[in-house]
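Topology and contacts: notes
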Amino acid sequence: MPSATGRPRRSLSAVALVPLLSAACATFVEVPVETPLNSKIDVSSFRRVLIAGFVTEPGEADVDLSTETSRLIQNQLRAGSKLQVLEPDRPPLGDALDKIQQSINPSGKYSKAEREQYRLEADKVLQDGEYWRKLGEEYQSPLIVTGRLGFEEQNRSGFQSEERVIRDPSNRPRLVRGNRYLERKGFTLSADFYFLDGRSGALLHKEKFTEEVLYGDEQKASPLSSYFELMDRLLPNFLGVISPQKIRGTRVLLQ
Amino acid sequence: MRVIIPLLLLSLVPGTSRAASRSEQETRFGIDVARKGLWSEARFRFEKALELDSQNASAFNNLAVALEQQGDFEKAREAYDKALKLKPGDSYIQQNFDLFKEADAKRNRKAKKKP
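Described below are features of the structure shown in this document.

Rules used in this analysis
Residues numbered from 1 in each chain as written. Chains lettered and ligands numbered in written order. Predicted model: local features only at pLDDT ≥ 70, side-chain atom pairs only at ≥ 80, totals over all residues. Helix = DSSP H or I, 4+ residues; strand = E, 2+ residues; numbered from the N terminus. Buried ≥ 20, exposed ≤ 12 C-beta atoms within 10 Å, placed from the backbone. Contact = placed C-beta atoms within 7 Å. Nonpolar A, V, L, I, M, F, W, Y, C, P; charged D, E, K, R; others polar. Axes fitted to C-alpha atoms, helices over the stretch in contact; angles between N-to-C directions. Parallel < 35°, antiparallel > 145°, perpendicular 65-115°, else oblique. Left-handed = near helix turned anticlockwise from the far one by under 90°. Pairing = 2+ DSSP bridges. Core = buried A, V, L, I, M, F, W, Y, C linked by C-beta atoms within 7 Å.

**Focus on the overall build of chain A**
Within chain A, the secondary structure is distributed over six helices and nine strands. Buried positions account for 22% of the 255 residues belonging to chain A. Contacts in chain A between residues far apart in sequence, at least 24 positions, make up 72% of those at least 6 positions apart.

**Concerning the interface of chain A and chain B**
The interface of chain A with chain B comprises 19 residues on the first partner and 23 residues on the second. Breaking the side of chain A that touches chain B down by element, the ones donating at least two residues are strand S1 (28–37), strand S8 (203–215) and strand S9 (245–254) of chain A. Of the residues belonging to the side of chain A that touches chain B, the class tally is twelve nonpolar, four polar and three charged.

**Topic: the packing of helix H2 (residues 65–80) of chain A against helix H6 (residues 223–242) of chain A**
Packed helices, taken two at a time, are described by their axes: the angle between them and the distance between them. All names here are of chain A. Across the interface, H2 lies against H6 with an axial gap of 11 Å and an inter-helix angle of 45°. By the criterion of interaxial angle, the relationship of H2 to H6 is oblique. Like other packed secondary-structure pairs, H2 and H6 cross with a definite hand, here right-handed. Listed contacts from H6 to Glu 68, Thr 69, Leu 72, Ile 73, Gln 76 and Gly 80 of H2 are Tyr 227, Met 231, Leu 235, Phe 238 and Leu 239. Classifying every residue of the contact of H2 with H6 gives seven nonpolar, three polar and one charged.

**Topic: the packing of helix H3 (residues 57–69) of chain B against helix H4 (residues 73–86) of chain B**
Residue and element names in this part refer to chain B. Relative to each other, H3 and H4 sit at 160°, their axes nearing to 8 Å. Relative to H4, the element H3 is oriented roughly antiparallel. The element H3 and its partner H4 pack so that their crossing is left-handed. Mapping the contact onto sequence places Ala 57, Phe 60, Asn 61, Leu 63, Ala 64, Leu 67 and Glu 68 in H3 and Phe 73, Lys 75, Ala 76, Ala 79, Tyr 80, Lys 82, Ala 83 and Leu 86 in H4.

**Focus on the sheet that holds strand S7 (residues 185–197) of chain A**
Residues and elements named next belong to chain A. With respect to topology, five strands assemble into an open sheet ordered S3-S2-S4-S7-S8, the strand pairing being mixed. Strand pairing shows two members of the sheet lacking a second neighbour, strand S3 (84–86) and S8, which therefore form its edges. Recorded for the sheet is a direction-independent mean angle of 25° between the axes of neighbouring strands. Two strands pair when backbone bridges link them, and strand S2 (residues 48–51) and strand S4 (residues 143–155) are joined in this way by three bridges, in the parallel orientation. Within S4, the position partnered with Ile 51 by the bridge is Val 145.

**Here we look at the pairing of S7(A)**
Looking along a regular strand, one sees side chains alternate from face to face of the sheet. Residues and elements named next belong to chain A. Bridge count for S4 against S7 is 13 bridges, and the pairing is antiparallel. Of the residues in S7, the one forming a bridge with Leu 143 is Asp 197. Bridge count between S7 and S8: twelve bridges; the pairing is antiparallel. Its bridge partner lying in S8, Ala 191 is registered against Phe 209. Linking S7 to S8, which pair antiparallel, is a turn of five residues; within it Gly 201 sits at a positive phi near 80°.

**Section: unusual backbone geometry**
With glycine set apart, most residues show a phi of negative sign, and most peptide bonds adopt trans. All names here are of chain A. Residue Gln 140 is not a glycine yet carries a positive backbone phi of 60°. The topology assignment puts Gln 140 in the loop between helix H5 (129–138) and S4. Gln 140 sits in the partly exposed class, given 13 other C-beta atoms within 10 Å.

**A closer look at the nonpolar core**
Membership of the largest hydrophobic core comes to 37 residues, with the highest contact counts inside it found for Ala52(A), Leu143(A), Ile144(A), Val145(A), Phe151(A), Leu189(A) and Phe195(A). Contributing elements (two or more residues each) for this core: S2, H2, helix H3 (93–104), helix H4 (112–126), H5, S4, S7 and H6 of chain A. Contact partners of Phe195(A), with chain neighbours within four places excluded, come to Ile41(A), Leu143(A), Val145(A), Leu204(A), His205(A), Val241(A) and Ile242(A). Leu254(A), Phe60(B), Ala64(B) and Ala83(B) belong to the second-largest nonpolar core, a separate cluster that totals 25 residues.

Structural data, given as structure tokens:
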């Protein structure tokens, strides 16, 4: 049917369709984005960082937590921060902790009460601003990282409910609910990090992290490899306290 | 007068569509440079696209992404809001905005922990 202009109405509807079609075919481009995330504490006034060592449970352990963690953090900070990483021969906190051990029980075999006493004494050192100020003076006023670490074996084996599909005699599928025993063992790593100002001995920030890994019956992992797996998960969060991080993701750009 | 007003309006139509077309060009160029990681240039292009056509929802969406990438989160939120007002229910813009809010919540959680 012709329109008032003499052109067929069809062309008008075609014109009207163009934006609709182009809207339907709107192109988009997915791009990776990295949004900045500021560090939790401002460490710009420090030039050096000292990993002073960590308080751990006294006695024999599968992993030398303080030494391994100090070394790992030093490596991470060398690569991921602008601070000069100080490398004492031995984590300085070790001397203070040795003194406490000697004063409680030189044999190193502790009763439950002695363990508790050790924890309390070690906590006093962690909170002793004067001790950290003196240590800071010795190492030219660095940012000091210390804290408390725990690494424990976990056994979370037990019955777990599950649903299975079985076939009845007439070959019809049927949902059956039941319990199955699952062997699940692993380790938990807990870290209570203290970030201290080596100029004043004051606590700048405290942060607790906990990570757990569990293995099935067939999986076997040594305590040391489990420790490394857990530290691998924990370290980015640790670094986020003192250096800016990035949240990676994708967004869609529209044409 | 009756003749002049419609004529004036008609003369505005091609100008408007030309501006919209240039706005789309700027948007496309912005996307090209964003894909190369040149986010400052991309931001400039998306802003220019919006100067030319303030109804360009795509440019608002893209500008929001560029602002987010540069850490200007308040302005990014405003740009996402404007994009969604212009194109309510657009799944791409909504998805971007949801991801932005998720990342923003993470940032705020971290900021609250600051001593």
